Amino acid sequence: MPSIIQLLPDHVANQIAAGEVVQRPASVVKELLENAVDAGANDIKLILKDAGKSLVQVIDNGQGMSVTDSRLCFERHATSKIRQAEDLFSLHTKGFRGEALASIAAIAHVEMKTKQDQEELGTHIVIEGSKFVSQDVAVLPKGTSFGVKNLFFNIPARRNFLKSDTVEYRHIIDEFHRVALAHPQIYFTFYHNGSEMFNLQPSSLRQRIVNVFSGKTNEKLVPVNEETEIVNVQGFVCKPEFAKKNRGEQFFFVNDRFIKSGYLHHAVMAAYDGLLKDGAQPSYFIYLQVPPNTIDINIHPTKTEIKFDDESALYAILRASIKHSLGQFNVAPVLDFERDANLDTPYHYKDLDGAKPTIQVDGSFNPFSEEDKPNKHFANSNFSYKKPESTANWESLYVGLAPDSEEVETMTFENEEVTSSLFNSDDVEQAVHKTHQIHKKYIVNPIKSGMIIVDQQRAHQRILYEQFLTNITVNLASSQQLLFPLHLYFSIGEMQLISELKPSLTNTGFVFEETNEDSVVISGLPVNVSESEASLVLEQLLSDLQDGIPESSFSQNDTIAKSMARSLAVKTGTYLTQKEQENLVNGLFACKDPNVSPFQKPTFITMRVEDLDKKFAL
């Protein structure tokens, strides 16, 4: 029988491997930025076109590569980061697998220009789908420039699975944030379709966070600093009152490498225990420095998962250090009934020496002298301390008045309540409550054949959803003007999303007076949105749209209507009056599709009398 197992060609193997490393344009951005950091660059430029689908270019001023290295770097498992297996336990670089450039070259058109400082000329290489097209000598500045064009040009199926430009751009922004926050000493610039999106000068860590996430972030940050033998913890956490519903601004860095860890996130949430509202997520920027031999990074090709030697100790240290910082800066409340807040010493006074109090003494004062007695001063003043004379008796006010000629009980008044009725009280039928609320969650309404049980939250979602969708697509919604405009602050990426959604939000009733780079000024709100709910509604909307904005306008409006309906619907556990219950039931059955909520869940069930009879049957 002939052999059926054979070795795959290199270009096929590279395409298969590329599926693990390069999932979308953001993966290319991550690998190229990390290579630029490993090359020792202090000035890195990122240039994009069409959210990276047409072009991803990274230019750095690092050490560059020689002619041999520039050709060898595109081979699989070729790397300058490690030499032997033991080096995996002492990693100080971002990359070490030697797969990124080979994977990128297998599925895109790559153009690389590189030059070392001591060389007079550099190397210009062009590769298309793992095939070397050309290699020339060129006059270049020091450093390396990688240009990746037409991603997935030879894998149409993968290209078709890419999301819209807005979604792919959002993923690239996330990867850029992770590298820029890990290296505040590097100068980063970011261009998209010819527009400058970020210009991050070398700065301190706090300033870098503020530059990335708008100026309002500065007042939210609480510093964290703890040094132990196991780990050094540095960074910032945000105050509990600024917690959001989504998990956008949460960053863990281990040895300047971004990681994802649900275990460490639980430690942060444990430190905030009792300080957050239900469902709120705090923002944090935590930097951990651990010995390289105590972690294992080689878990996944994306290198965002790490195994620690002693996770339980790390959990306890992280939780304690964050809790200590929140208490140190009076963020966490202190339960002490004998404590006087006026006697608290500010934290920045702890290292200052106390100054001796100055005492002034009047040496000429004689307590036995008649001239210095204080009573004399008051006696000569304009104020009089004599007891006022008693006024006349109050009964004298009524002397001489004639007595009433008739008793009060016999007087009649025009505004006396009419007690007579057109009908006898026996004929009046007592009003019967048609609806009843059960456990502040369900509304029961009797009908001829039995009764219906309505889920109040889902029913209200359906009513609001159809209202918002009608307002957006058919007619403009009414808006309530605010006496004082609202100033809401968002990150740069969120502001771009709000700018795209601005026409649809205006149709729902929002009135935008001003739109800045990192904030919006709102002077009007939809009628059923209160002033305190405005920021929550927009945050929930941005969170729902982070994963993807559909291409069609109607689908985008549908997503906005669903998000706002979910935010503003009456919640389970809310008491409703009799009138509110009736309005909710009537409004539900006036909808076009009352059977299900906007999220395709049933809004009510029907129980017939026959079903109840069966329950009681023996």
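Relevant structure appears above.
Colleague: An account of the packing of aromatic side chains is requested, with residue identities and associated values reported.
Modeller: Summed over the entire model, instances satisfying the criterion amount to 18 aromatic pairs. Geometrically, the ring pair formed by phenylalanine 213 and phenylalanine 251 is tilted, given 6.0 Å between the ring centres and 50° between the ring planes. Within this pair, whereas phenylalanine 213 is found in the loop between helix H7 (205-212) and strand S9 (221-227), its partner phenylalanine 251 is found in strand S11 (residues 250-254), the two being separated by 38 residues in sequence. Of the two residues, phenylalanine 213 and phenylalanine 251, neither departs from the other in class, the shared state being buried. Relative to tyrosine 315, the ring of tyrosine 263 lies with its centre 5.1 Å away and its plane at 45°, an arrangement referred to as tilted. With a gap of 52 residues between them, tyrosine 263 in helix H8 (residues 262-271) and tyrosine 315 in helix H9 (residues 311-328) connect regions that are remote in the sequence.

Colleague: Talk me through the sheet that holds S11; I want residue IDs and the actual numbers.
Modeller: With respect to topology, 5 strands assemble into an open sheet ordered S9-S10-S13-S11-S12, the strand pairing being mixed. A strand with exactly one partner marks an edge of an open sheet, and here the two such strands are S9 and strand S12 (257-259). The sheet shows a mean angle of 20° between the axes of neighbouring strands, direction not considered. Relative to S11, helix H6 (residues 165-182) is tilted by about 50°, and along the sheet it contacts S11, S12 and strand S13 (284-289). Across the sheet, H9 lies against S9, strand S10 (232-238), S11 and S13, angled at about 135° from S9, the strand it touches most.

Colleague: Go over empty space enclosed by the protein, please, and point to the residues and values.
Modeller: Enumeration according to the criterion identifies 3 cavities of 30 Å³ or more in this entry. Its boundaries defined by the atoms lining it, the second largest cavity holds a volume of some 40 Å³. Grouping the amino acids of the lining of the second largest cavity by side-chain chemistry returns 3 nonpolar, 3 polar and 4 charged.

Colleague: Got a sec to walk through the sheet that holds strand S5 (residues 131-138)? Specific residues and values, please.
Modeller: The strand order S5-S4-S3-S6-S2-S1-S7-S8 describes an open sheet built from 8 strands, whose pairing is mixed. One side of each edge strand has no neighbouring strand; the edge strands of this open sheet are S5 and strand S8 (195-200). Direction aside, neighbouring strands of the sheet carry axes that sit 10° apart on average. Sheet analysis places strand S4 (residues 122-128) next to S5, joined by 7 bridges and oriented antiparallel. By the bridge assignment, threonine 123 is partnered in S5 with valine 137. Sheet strands in contact with helix H2 (residues 25-38) are strand S1 (43-49), strand S2 (55-60) and strand S6 (143-149), and its direction is about 10° off that of S2. Running over the sheet, H6 touches S1, strand S7 (187-192) and S8 and is turned about 175° from S7.

Colleague: Tell me about the environment of cysteine 73, and please be specific about residues and values.
Modeller: Looking at the element boundaries, cysteine 73 is found in the loop between helix H3 (67-72) and helix H4 (100-106). By relative accessible area, cysteine 73 is classed as buried at 12%. C-alpha of cysteine 73 to C-alpha of leucine 101: the two residues are 28 residues apart in sequence and 6.9 Å apart in space. For cysteine 73, the contacting residues outside a window of four places in its chain are Met65, Ala78, Leu101 and Met112.

Colleague: Describe a nonpolar patch on the surface, with residues and values.
Modeller: A cluster of nonpolar side chains, Leu121, Val137 and Val139, forms an exposed patch at the surface whose accessible area comes to about 330 Å². Residue position: valine 137 is located in strand S5.

Colleague: So what about the pattern of salt bridges? Which residues, and what values?
Modeller: In this structure the tally under the stated criterion is 11 salt bridges. One salt bridge in this structure joins glutamate 31 and lysine 30, with 3.9 Å as the shortest N-O distance. Across the pair, exposure class does not vary: glutamate 31 and lysine 30 are buried alike. The residue aspartate 558 makes a salt bridge to lysine 562 at a minimum N-O spacing of 3.4 Å. Residue aspartate 558 and its partner lysine 562 are both found in helix H14 (residues 553-568); the two are separated by 4 residues, about one turn of the helix.

Calculation rules
- Residues numbered from 1 in each chain as written.
- Predicted model: local features only at pLDDT ≥ 70, side-chain atom pairs only at ≥ 80, totals over all residues.
- Heavy atoms only, no water.
- Phe/Tyr/Trp six-rings, centres within 6.5 Å; stacked < 30°, edge-to-face > 60°.
- Helix = DSSP H or I, 4+ residues; strand = E, 2+ residues; numbered from the N terminus.
- Buried < 20%, exposed > 50% of the residue type's maximum accessible area, 1.4 Å probe, protein only.
- Pairing = 2+ DSSP bridges.
- Axes fitted to C-alpha atoms, helices over the stretch in contact; angles between N-to-C directions.
- Contact = heavy atoms within 4.5 Å.
- 1 Å grid on protein atoms, 1.4 Å probe; cavity = no way out; pocket = protein on both sides within 12 Å on 5 of 7 lines; lining within 4 Å.
- Points joined across faces, edges and corners; volume = space filled by probe spheres on them.
- Nonpolar A, V, L, I, M, F, W, Y, C, P; charged D, E, K, R; others polar.
- Patch = residues over 30% accessible without salt bridge, like charges linked within 9 Å, V, L, I, M, F, W, Y side chains within 5 Å.
- Areas by Shrake-Rupley, 256 points an atom, 1.4 Å probe, with all protein chains shown as cover.
- Salt bridge = Lys/Arg side-chain N within 4 Å of Asp/Glu carboxyl O.

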